Amino acid sequence: MKKFLKAMLAAMLIAITAVTVCSCGVPSDPAKAKENLESNEYVVTKVDGAAATLSVKAIALLVNVTLKDGADSIVSGTNLKEAVTVIYFKDSKDASAMKKVGKELAEKVKQQRH
């Protein structure tokens, strides 16, 4: 169970990192992000407010990161071939902290594959 949880967490953070690194195409408005994904035939879920903050803070706790504010919104979508998750953080320092962890986890996963 622990290995599965770590693998799932790593996959989520890799997706988060990919979205963060490629964020030039991500709309600044969560509603627009949801609309864009749906128009490209993704099944989309959007979580706002306290639920978004709790979700992001729970992930942060699993990787030993303390967040100041959490998230305003989370938009996730899948088309059964790939998944996209966009997190709209309330604080840029929180976003940077999670991006750093995502890169570290991606590197660990890459090393384990070799």
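Our structure's up above, just so we're on the same page.
Treat the numbers as computed from the prediction; the structure is a model and nothing was measured. (Residues numbered from 1 in each chain as written. Predicted model: local features only at pLDDT ≥ 70, side-chain atom pairs only at ≥ 80, totals over all residues. Heavy atoms only, no water.)

(A) Region of the structure containing the sheet that holds strand E2 (residues 71-78). The strand order across the open sheet built from three strands is E1-E2-E3, with neighbouring strands paired in antiparallel fashion. Each of the sheet's edge strands pairs with one partner strand only, and the pair in question is strand E1 (43-48) and strand E3 (83-89). Taking each pair of neighbouring strands and ignoring which way they run, the sheet shows an average axis angle of 10°. Against the sheet, helix H3 (residues 49-62) touches E1, E2 and E3, its axis set at about 80° to E2. (Pairing = 2+ DSSP bridges. Helix = DSSP H or I, 4+ residues; strand = E, 2+ residues; numbered from the N terminus. Axes fitted to C-alpha atoms, helices over the stretch in contact; angles between N-to-C directions. Contact = heavy atoms within 4.5 Å.)

(B) Seen up close, the pairing of E2. Pairing of E1 with E2, which is carried by six bridges, proceeds in the antiparallel orientation. Its bridge partner lying in E2, Val47 is registered against Ile74. Sheet analysis places E2 next to E3, joined by seven bridges and oriented antiparallel. The residue of E3 that forms the bridge with Val75 is Val86.

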